[in-house]
Amino acid sequence: MPRSKKFRRARLIVIVLVVLLVAGAGYGGYRGVAAVRASFPEVDGSIKLAGLSAPVDVKRDANGIPQLYADTSEDLFRAQGYVQAQDRFWEMDVRRHITAGRLSEMFGDGQVDTDSMIRTMGWRQIAQKEFDTVLSADTKKYLQAYADGVNAWLAEHPGGSSASLEYSLLGVVNGDYKPEQWTPVDSVAWLKAMAWDLSGNLQEEIDRSLLAQDFSREKIDELYPDYPYARNGTIVKTGTVNGTAYKPADGSAPAGGTGPASGTGTAQGAAATKALLKDVTDRIDALPEMLGRNGQGIGSNSWVVAGSHTTTGKPLLANDPHLGPGLPSVWYQMGLHCRTASPACQYDVSGFTFAGMPGVVIGHNKDIAWGLTNLGADVTDLFLEKVTGPETYLVDGKEEKFELRKETIKVAGGEDRTITVRTTRTGAPLISDPSAEQQNVGKYAPNGDSAPDRGTGGYGVALQWTALIPGKTMDAVFALDRAKGWEDFQKAAADFAVPAQNLIYADAKNIGYQAPGYIPVRGKGDGRFPAPGWDSAYQWKKDPVPFSALPWSLNPTSGYIVTANQAVVDSSYKYDLTRDWEYGTRAKEITDQIEARLKNNGKISPDDMQEMQLDNTSILAKTLVPMLLKVQIDDPYVREAQDLLKDWNYHQDADSAAAAYYNGVWRQLLTLAFGQKFPADLRAEDNCLLVREQADPTKPDSKSRIVTECGTRDPGRAQPDGGDRWNEVVRQQLEKPDSSWWTYIDSQHKEQKGLDNLLREAMTNARQELTSLLTKDITTWSWGRLHKLELRERTIGSDDSSIASGAVRKLLNRGPYRLSGGSAAVDAAGWNAAAGYQVDWIPSMRMVIDLNDLDASRWINVGGASGHAFHENYNDQTDLWLKGKLLTWASSPDAVEKATRHKLTLTNG
């Protein structure tokens, strides 16, 4: 929709308003600051909260982290809803509009495509089914209590500046907007957003299909190599499955053996139309990122060490989830405590949760501690569907009818849009359908002798995803929070359906691991390429992998368990969890560090756990740098940079010039060896490269030639991104000096061959790029000057359809900060080598739990507790996080009382 003069004037008003609010200059500044402070939460005194059976105390420390004390569970969660709304309601409101596909109601027609995609997947409908049909009565009761608490706060702050600054911004361009009442389903729907951002290999499935346009199956397999089981090991030593019962192997030593055979795929999937899959990719790219990039780059570290190996004599547990950066922080720290344990009040838990969701997701109670990392199970499959008409599609040679439903998208300042959602008999929606009622999808049929004719309807792409099946993950959250031991922990894990996570465990005497999740069992195919929907043999089996058959371990003989997104088990395991594990670089480094500390009967301390989280070593550099130093460089200008690597310790410190140059060389190596050869659909938009255009076989006089071609993909998802998979790809190819991947086009538009030549070109190009980005003087170089983190306020949007101008967003953002670390390091400050050096994902929080003394545990958040942009707790933890510091984590009544700086009492009113 074209921007009107009224809209442009509104933008100017917003900018002036915020400048006054921040500057605080003169009378207008005073009024502005007062207006901003009016939205800050009351943290002292007493407030009435209807529905409480007894008073609830809210104690906040200097960082604004709330600890709640109540007499009943319902009072506890009612107060949690109220307190989270105090700090984060704007964020909660935007999130629920995302998960319901209703962003257009807030921000206008620029969000219609996003809403259309989410409505097509039906996140809100599934959340409603979960609440109506599968969640326990207690969970529903707690969800309702939480919603009542949110709504009590909302009744006091019905919108506008009294709720938060962002509502003032929104009101300038959408004055009719008023927040609705919070519902229990709003909380449940957030689990779908979590599941989407942690959904595994969907993008890899698309990427392999796009690569199949230009590469053979053998070459694609080189880009997705087998997992290095012998070198990097698995989370647990692979046990056996008898019937449906998993029996752990003794100990957790890495298992040897070869990786799984490459999947069979299909000719149809391999040759799927580039236009069709690119369209699906564009739709996925347009979705908001709530945790980080979907399926790629989102990792995490977590490990637990038995008390026999610690200085405290009790287990130590560490966790640092790697998620996308932003403000407010994705995590919300809090404690939920029953004053007296009883059947009416069973909670004494503290940790990290999400604004808008009751309970605690990661943390500890008085008996157990647990952490999460992404398991990475393959829980999504794309199916090419032979569409025969507006309401029909083909299965096994017969027409089936789609399930149809209409969705009306209300648009602020515009006309409503109506879409028709088509879903197959397996519950898979057609995500290739455009946001219009009349569709004609899949205009180009895939190749393949067994594929049916394209006809007039073409092909569609349907998404089969476990999160579209109602599950009990919300039950699992509450069950984890009140678990008293290993048996309770496993029972809770059995309901943790999506997203599938690695769960690590500790109590005062035990350590353990459990793989949970709803993980499908496929018919034909292995999920690596889109499957032919017209053949029912490729459909999922009725039942998933039984929970009783999923891997677990209790007190392994090694005395520790490490999970860092590596393979859970080796290829001898009965079920196929995924073929797209992370490649175990971080896991191996953590394991090596634990082993080094334990050597000669050493003990691991809480300080050791914290120090290990900050390890920024580049493991591949230990292999690649000696090869770079052996390359003959004649140009003294380039040789000066090469010499930086001579005494480098492989640490990617923010102040390291060598780390800056090495990562510059790494980026250039990936571009020359792989990026030049990739189709534009995988390369970053505006990333223009010299590529070889192949001869047209249909034209006798056609010859191959060198041309400039620009990429088309969103930079955050472009390839080669340089993550852990690319470490393994390059490691394997370095053993083949004559590999065809080392053929490249140099800056003189000439084709060159050979590893040494490519390394020389990469070093030359890196010298030139860093000179342009930094300076000619290499003594001024540092990794942190390239590798920067900006914490952006994500809820108001970042494009022309957002409610705020770039100037306003800049005032709400924080940074940039210079970071150590790297994509495949334990300190995983990830960046996409295909796009630049900007930090894309980070350790979003860090924690170390001491089971000997829970009050000696430590935690830190990126950002802070508050979602109010100019509140003192909006970003007060970031500087500590940057320095690798952790805050003391008070959880016992005495420790909390000692740390309390503000006390608010909620009373029935």
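Values in this document were obtained by computation on a predicted structure and should not be read as measured data. (Residues numbered from 1 in each chain as written. Predicted model: local features only at pLDDT ≥ 70, side-chain atom pairs only at ≥ 80, totals over all residues. Heavy atoms only, no water.)

## Remarks on the state of the cysteines
Formally, a disulfide is one covalent bond, and it connects the sulfur atom of one cysteine to the sulfur atom of another. In total, this model carries two disulfides according to the counting rule given. Residue Cys338 pairs covalently with Cys345 via a disulfide, S to S 2.0 Å. Because the torsion about its S-S bond is -85°, the bridge between Cys338 and Cys345 counts as left-handed. Here Cys338 matches Cys345 in class, with each residue buried. (Disulfide = S-S within 2.5 Å. Buried < 20%, exposed > 50% of the residue type's maximum accessible area, 1.4 Å probe, protein only.)

## Brief notes about the nonpolar core
Nonpolar side chains in soluble globular proteins tend to be buried together. Core analysis: the biggest nonpolar cluster contains 238 residues, and Trp465, Tyr573, Tyr661, Phe674 and Leu906 have the highest contact counts within it. For this core, the leading source of residues is helix α21 (residues 657–673), giving twelve residues. (Core = buried A, V, L, I, M, F, W, Y, C linked by side-chain atoms within 4.5 Å. Helix = DSSP H or I, 4+ residues; strand = E, 2+ residues; numbered from the N terminus.)

## What to know about the pairing of strand β16 (residues 417–423)
The element β16 is extensively covered by neighbouring structure, given that five of its seven residues are classed as buried. Across seven bridges, strand β15 (residues 403–409) lies against β16 in antiparallel orientation. Pairing of Thr408 across the sheet is with Thr418, part of β16. (Pairing = 2+ DSSP bridges.)

## Things to note about the packing of helix α3 (residues 73–99) against helix α8 (residues 165–173)
Think of two packed helices as two axes; the pair is described by the angle between the axes and how far apart they sit. Their axes nearest at 9 Å, the elements α3 and α8 cross at an angle of 45°. The orientation of α3 relative to α8 falls into the category oblique. Across the interface between the two elements, Phe89, Trp90 and Asp93 from α3 touch Glu166, Tyr167 and Leu170 from α8. (Axes fitted to C-alpha atoms, helices over the stretch in contact; angles between N-to-C directions. Parallel < 35°, antiparallel > 145°, perpendicular 65-115°, else oblique. Contact = heavy atoms within 4.5 Å.)

## Thoughts on the environment of Glu582
Position of Glu582 relative to the elements: it lies in the loop between β22 (560–563) and α17 (585–598). Overall, the relative accessible area of 29% leaves Glu582 in the partly exposed class. Here the alpha-carbon distance between Glu582 and Ala824, two residues 242 residues apart in the chain, equals 9.8 Å. Sequence-distant contacts of Glu582, that is, excluding residues within four places in its chain, are made with Tyr227, Asn565, Gln566, Ala567 and Asp724.

## Focus on the packing of aromatic side chains
Geometry of an aromatic ring pair is reported as the spacing of the ring centres plus the angle between the planes. Enumeration over the complete set of coordinates arrives at 41 aromatic pairs. Ring geometry for Trp648 against Tyr662: centres 5.2 Å apart, planes inclined by 40°, an arrangement best described as tilted. Taken together, the residues span a long stretch of sequence, with Trp648 in the loop between α20 (636–642) and α21 and Tyr662 in helix α21 at a distance of 14 residues. Grouping residues by exposure puts Trp648 and Tyr662 together as buried. Where Phe674 meets Trp741, the ring centres are 5.2 Å apart and the plane angle is 45°; that geometry is what we call tilted. Here Phe674, found in the loop between α21 and β23 (688–693), pairs with Trp741, found in the loop between α22 (724–733) and β25 (744–745); they are 67 residues apart in sequence, far enough to count as distant. For the pair shown, Phe674 and Trp741 are each scored as buried. These aromatic residues form a ring-pair network of at least three members: Phe89, Trp90, Phe107, Trp153, Tyr167, Tyr177 and Trp182. The aromatic ring of Tyr69 is capped on one face by Lys59, whose charged end is 5.1 Å from the ring centroid. The ring of Tyr837 has Arg667 lying over it, and the distance from NZ or CZ to the ring centre is 5.5 Å. (Phe/Tyr/Trp six-rings, centres within 6.5 Å; stacked < 30°, edge-to-face > 60°. Lys NZ or Arg CZ within 6 Å of the ring centre and 35° of its normal.)

## A look at the sheet that holds strand β11 (residues 368–374)
Overall, mixed pairing links the eleven strands, which are arranged β1-β34-β2-β3-β8-β9-β10-β11-β18-β19-β21 in an open sheet. Each edge of the open sheet is held by one strand with a lone partner, namely β1 (45–48) and β21 (552–554). Along the sheet, successive strands turn relative to each other by an average axial angle of 15°, direction set aside. Looking at chain direction, strand β3 (residues 66–70) and strand β8 (residues 332–338) are connected through four bridges and run parallel. Following the sheet pairing, Ala70 is matched in β8 by Cys338.

## A word on the pattern of salt bridges
Applying the stated rule across the entire model yields 43 salt bridges. Close ionic contact of Asp207 with Arg713 constitutes a salt bridge, the shortest N to O distance being 2.8 Å. With Asp207 in helix α10 (residues 202–211) and Arg713 in the loop between β24 (705–710) and α22, the pair connects residues that are 506 residues apart, well separated along the chain. The exposure class of Asp207 is buried, given its relative accessible area of 1%. Its salt-bridge partner being Arg731, residue Glu728 comes within 3.8 Å of it at the nearest N-O pair. Taken together, the residues span about one helical turn, with Glu728 and Arg731 both in helix α22 at a distance of three residues. The structure contains a network of salt bridges with shared partners spanning Asp93, Arg96, Arg124 and Asp186. (Salt bridge = Lys/Arg side-chain N within 4 Å of Asp/Glu carboxyl O.)

## What about helix α16 (residues 486–493)?
For α16, the set of buried residues is Trp486, Phe489, Gln490, Ala492 and Ala493. With its buried residues spanning 160° around the axis, α16 presents them on a single face. Facing away from the buried surface of α16 by more than 90 degrees, the exposed residues are Glu487 and Lys491. Packed against the buried residues of α16 are β11, α15 (473–482), β18 (501–507), β19 (511–514) and β21. (Arc of directions from axis to C-beta.)

## What about the side chain of Asp57?
Looking at the element boundaries, Asp57 is found in strand β2 (residues 56–60). Within the structure, Asp57 has its side chain in polar contact with the side chain of Arg339 (distance 3.3 Å). (Polar contact = N/O pair within 3.5 Å; in protein donor to acceptor, adjacent residues only side chain to side chain.)

## A few points about the environment of Asn301
Position of Asn301 relative to the elements: it lies in strand β6 (residues 300–305). Residue Asn301 is classed as buried on the basis of its relative accessible area, which comes to 0%. With 527 residues separating them in the primary sequence, Asn301 and Ala828 have C-alpha atoms 9.1 Å apart. For Asn301, the residues in contact, after removing those within four places along its chain, are Ala318, Asn319, Asp320, His322, Thr373, Thr563, Ala564, Arg586, Ile590 and Val826. Among the polar contacts made by the side chain of Asn301, one reaches the side chain of Arg586 at a distance of 2.7 Å.

## Structural notes on the environment of Leu904
The residue Leu904 is located in strand β34 (residues 902–907) in this model. Overall, Leu904 belongs to the buried group, its relative accessible area being 1%. C-alpha separation for the pair Leu904 and Arg60, spaced 844 residues apart in sequence, amounts to 8.5 Å. Among residues more than four places away in sequence, those in contact with Leu904 are Glu42, Val43, Asp44, Gly45, Ser46, Ile47, Val56, Asp57, Val58 and Gln86.

## Comments concerning unusual backbone geometry
For the bond from Leu327 to Pro328, the omega torsion is -5°, close enough to zero to count as cis. When you line up the elements, Pro328 lands in the loop between β7 (316–323) and β8. One non-glycine residue, Asp396, lies in the positive phi region at around 50°. Among the structural elements, Asp396 can be located in the loop between β13 (392–395) and β14 (398–401).

## Looking at the confidence of the model for the protein
Per-residue confidence for the protein averages 89 on the pLDDT scale, and 88% of its residues sit at or above 70. Contacts from residues 1–9, a stretch scored under 50 in pLDDT, to residues over four places away or in other chains number six contacts. Scored below 50 in pLDDT, residues 435–449 shows 47 contacts in the model against residues more than four places distant or in partner chains. (pLDDT = per-residue confidence, 0-100.)

## Here we look at the pairing of β34
As paired strands, β1 and β34 are joined by four bridges and run parallel to one another. In the sheet register, Lys48 faces β34, and the bridge partner there is Thr907. The pairing of β2 with β34 spans five bridges and is antiparallel. Each bridged residue has a counterpart across the sheet, and for Val56 the counterpart in β34 is Leu906.

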